[in-house]
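# Working through the structure, step by step
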Amino acid sequence: MQVTLKILRFDPQKDQRPHWETYQVEAEPWDRVLDLLHKVKWDQDGTLAFRRSCGHGICGSDAMLINGKNRLACKTLVKDLGSVITVEPIRGLPVEKDLIVDMEPFFAAYRAVKPYLINDEPPPQRERLQSPEERERFDQGTKCILCASCTTSCPVFWVNGTYIGPAAIVQAHRFLFDSRDRGKRERFKALGSGSGVWRCRTAYNCTEACPREIPVTQLIEEVKRAILMDRF
Amino acid sequence: MAIKSRRYEEAKLEASTNLELYWWVFMRISGVVLVFLLIGHMWMNAILTDLNTINYDYVAKRLSQTTWKLYDLLILALGLLHGANGLRYVLDDWIRDPMKRFWTKAVLYSLIAFLFLLGSLSLLNHDFGVK
């Protein structure tokens, strides 16, 4: 089938602002959007810039705004989109070139919630044991691949970028609800601030955008409740 | 605890008070309280009494009693604070430019302070002339 691929392009050396470019691509219905981007880059216009690594929905490199929704280009099939496909960079982060954005603000928020096990107690003889139920409690958060689909679909994040964003909160949730972790208070500093969880307006864009089907908004609400219970 | 933030943005993300939590809790509690205060207000002034009989004398008599002064003052304070904080949320969500956001908030807070002053003055300091 013939697909019309519209890509929002931006070259910082030439362009004042992003502009649309249209490409005609021959595609199979079961091709992924990533395949179409490859076809453009390899056969039509080598200057097209986008980020991708594994191509199998695990590395989280190729999150893009495809037909108005944040998705991974490597997990989105042409047959689910139709013959006209628009691709834009994810929103709310500075565009560096074409579909590549500067992820630094996203990772600054990630670092702020201290996404690693904090436990100063002397380690036991063998490992820190955990029951299957305790492991299940934070299972959803472990699925996150840090693709930024959720954070860059959040209208609050778009406004001024001071919101810590759903992805960082999901990462915090993963450790807050881990029975082995003792870093609750340290994480609450970032999560409870004016740029933390209280800015969430439960728009549910993050939940819809997540390519790993994490119930992001629900996890955010659980973190809110944890902060509340800790304080009162 | 070791300091781990390397840049100002990160330090800002990690520094925090519980102020936003308290506002969040306040919004929930004041919202529920306001529902009952306002239902009570309407019940007493529109259902128990005939609206058409309400005149200056009726209001003056009511507001010369401390209980009703406090009741109305509570509606005034909670309504203004709840509304102002809700508007603050909206402004934070919608105004992108930091300077515009600052000035819009400045105007909002001044207006709220003025309305509270005006409302409490007429509630507490006005002589309704009822002996």
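Values in this document were obtained by computation on a predicted structure and should not be read as measured data.

A few words now on the overall build of chain A. Secondary structure assignment for chain A yields 9 helices and 7 strands. Along the longest, intermediate and shortest principal axes, the C-alpha atoms of chain A span 60 × 35 × 30 Å. Counting all 232 residues of chain A, 42% fall into the buried class. Considering only contacts within chain A whose residues lie at least 6 apart along the sequence, 66% involve residues at least 24 apart.

The subject of this paragraph is the UniProt feature "transmembrane region" (unreviewed entry) in chain B. Residue and element names in this part refer to chain B. Look at the UniProt record and you will see "transmembrane region" (unreviewed entry) annotated at residues 21-43, 70-90 and 102-124. In residues 21-43, helix accounts for 100% and strand for 0%; the two terminal C-alpha atoms are 33 Å from one another. Here residues 102-124 runs as 100% helix and 0% strand, with 32 Å between its end C-alpha atoms.

All names here are of chain A. Here Leu-117 lies in the loop between helix H2 (104-112) and helix H3 (132-137). Leu-117 sits in the exposed class, given 12 other C-beta atoms within 10 Å. Sequence separation of Leu-117 and Gly-183 is 66 residues, and the distance between their C-alpha atoms is 7.5 Å. Excluding residues that lie within four positions of it along the chain, Leu-117 makes contacts with Phe-175, Arg-180 and Asp-181.

Our focus in this paragraph is the sheet that holds strand E2 (residues 19-26) of chain A. All names here are of chain A. Read across the open sheet, the 5 strands follow the order E2-E1-E5-E3-E4; overall the sheet is mixed. In this open sheet, the two edge strands, each paired with only one partner strand, are E2 and strand E4 (69-72). Direction aside, neighbouring strands of the sheet carry axes that sit 35° apart on average. Bridging between strand E3 (residues 63-66) and strand E5 (residues 84-88) involves 2 bridges; their strand directions are antiparallel. Note that in E5 the partner of Ile-66 across the bridge is Val-87.

Residue and element names in this part refer to chain A. The alternating pattern of strand E1 (residues 2-9) places Val-3, Leu-5, Ile-7 and Arg-9 on a buried face, while none of Gln-2, Thr-4, Lys-6 and Leu-8, on the opposite face, is buried. Here E1 pairs with E2 via 8 bridges, running antiparallel. When the sheet's bridge partners are listed, Thr-4 is paired in E2 with Gln-24. Taken together, the 4 bridges between E1 and E5 define a ladder with parallel strand orientation. Across the sheet, the residue bridging to Lys-6 is Thr-86, located in E5.

Residues and elements named next belong to chain A. On domain assignment, one finds that chain A holds domain 1 (2-101) and domain 2 (104-231). Contacts between the two partners involve 14 residues from domain 1, matched on the other side by 14 residues from domain 2. The element contributing the most residues to the side of domain 1 that touches domain 2 is E4, with 4 residues. In the side of domain 1 that touches domain 2, the residues fall into 6 nonpolar, 4 polar and 4 charged.

Residue and element names in this part refer to chain A. Not every positive phi belongs to a glycine, and Leu-146 is a case in point at roughly 55°. Inspection of the secondary structure puts Leu-146 in the loop between helix H4 (139-142) and helix H5 (155-160). In the Ramachandran plot, Tyr-204 falls in the positive-phi region, its phi being about 70° despite a non-glycine side chain. Structurally, Tyr-204 can be placed in the loop between helix H7 (184-192) and helix H8 (205-209).

Now for helix H9 (residues 216-231) of chain A. Taking 1.5 Å as the rise per residue, H9 of chain A with 16 residues should run 22 Å; its terminal C-alpha atoms sit 23 Å apart, in good agreement. Listed as buried for H9 of chain A are Val-216, Thr-217, Leu-219, Ile-220, Glu-222, Val-223, Lys-224 and Ile-227 of chain A. Where H9 of chain A is buried, its residues contact H4, helix H6 (166-176), H7 and H8 of chain A together with helix H2 (19-47) of chain B.

Below, the discussion takes up H6 of chain A. By the criterion of burial, H6 of chain A is predominantly enclosed, with 11 of the 11 residues buried. Along H6 of chain A, the residues classified as buried are Pro-166, Ala-167, Ala-168, Ile-169, Val-170, Gln-171, Ala-172, His-173, Arg-174, Phe-175 and Leu-176 of chain A.

Moving on: the nonpolar core. Grouped burial of nonpolar side chains is what soluble globular proteins tend to show. Residues and elements named next belong to chain A. Core analysis: the largest hydrophobic core is formed by 63 residues, its most contacted members being Leu-36, Ala-167, Ala-168, Ile-169, Leu-191 and Val-223. Each of domain 1 (2-101) and domain 2 (104-231) contributes no fewer than three residues to this core. Setting aside chain neighbours within four positions, we find Ala-167 in contact with Phe-106, Tyr-110, Cys-144, Leu-146, Ala-148, Cys-150 and Thr-151.

It is worth spelling out the packing of helix H4 (residues 66-94) of chain B against helix H5 (residues 98-125) of chain B at this point. Residues and elements named next belong to chain B. At a minimum axis separation of 10 Å, H4 and H5 run at an interaxial angle of 175°. When the axis of H4 is compared with that of H5, the two are roughly antiparallel. Every residue of H5 that contacts H4 at Lys-69, Asp-72, Leu-73, Leu-76, Ala-77, Leu-80, Ala-84, Leu-87, Arg-88 and Leu-91 is listed here: Arg-101, Thr-104, Lys-105, Leu-108, Ile-112, Leu-115, Phe-116, Gly-119, Ser-120, Leu-123 and Leu-124. Here the residues of the contact of H4 with H5 sort into 13 nonpolar, 3 polar and 5 charged.

Parameters at a glance
Each chain has its residues counted from 1, running along the sequence as written. All chains are assigned letters beginning with A, and all ligands numbers beginning with 1, in the order in which they are written. For this predicted model, a pLDDT threshold of at least 70 governs which residues receive local features, and a threshold of 80 or more governs which side-chain atom pairs are given and counted, while totals over whole chains, interfaces and linings are taken from all residues. A run of DSSP states H or I qualifies as a helix once it reaches four residues; a run of E qualifies as a strand once it reaches two. Both are numbered from the N-terminal end. Neighbour counting defines burial: a residue surrounded by 20 or more other C-beta atoms within 10 Å of its own C-beta is buried, one with 12 or fewer is exposed, and intermediate counts give partly exposed, using backbone-placed C-beta atoms. The contact criterion used here is simple: two residues whose C-beta atoms, placed from the backbone, lie within 7 Å are in contact. UniProt positions are given in the numbering used here, feature names are shortened, and annotations may be inferred rather than shown by experiment. Between any two strands, pairing holds if DSSP finds at least two bridges. Whenever a helix is involved, its axis is fitted only over the stretch in contact; in every case the axis is a line through C-alpha atoms, and angles between N-to-C directions fall within 0 to 180 degrees. Segment limits for the domains were obtained from an automatic or database-derived domain assignment. Just so you know the grouping, Ala, Val, Leu, Ile, Met, Phe, Trp, Tyr, Cys and Pro go in nonpolar, Asp, Glu, Lys and Arg go in charged, and all remaining residues, Gly too, go in polar. Expected helix span is taken as 1.5 Å per residue step, with the number of steps being one fewer than the number of residues. What makes a nonpolar core is a set of buried Ala, Val, Leu, Ile, Met, Phe, Trp, Tyr and Cys residues, with links drawn between C-beta atoms within 7 Å. Angular relationships are summarised with four words: roughly parallel below 35 degrees, roughly antiparallel beyond 145, roughly perpendicular across 65 to 115, and oblique for the angles in between.

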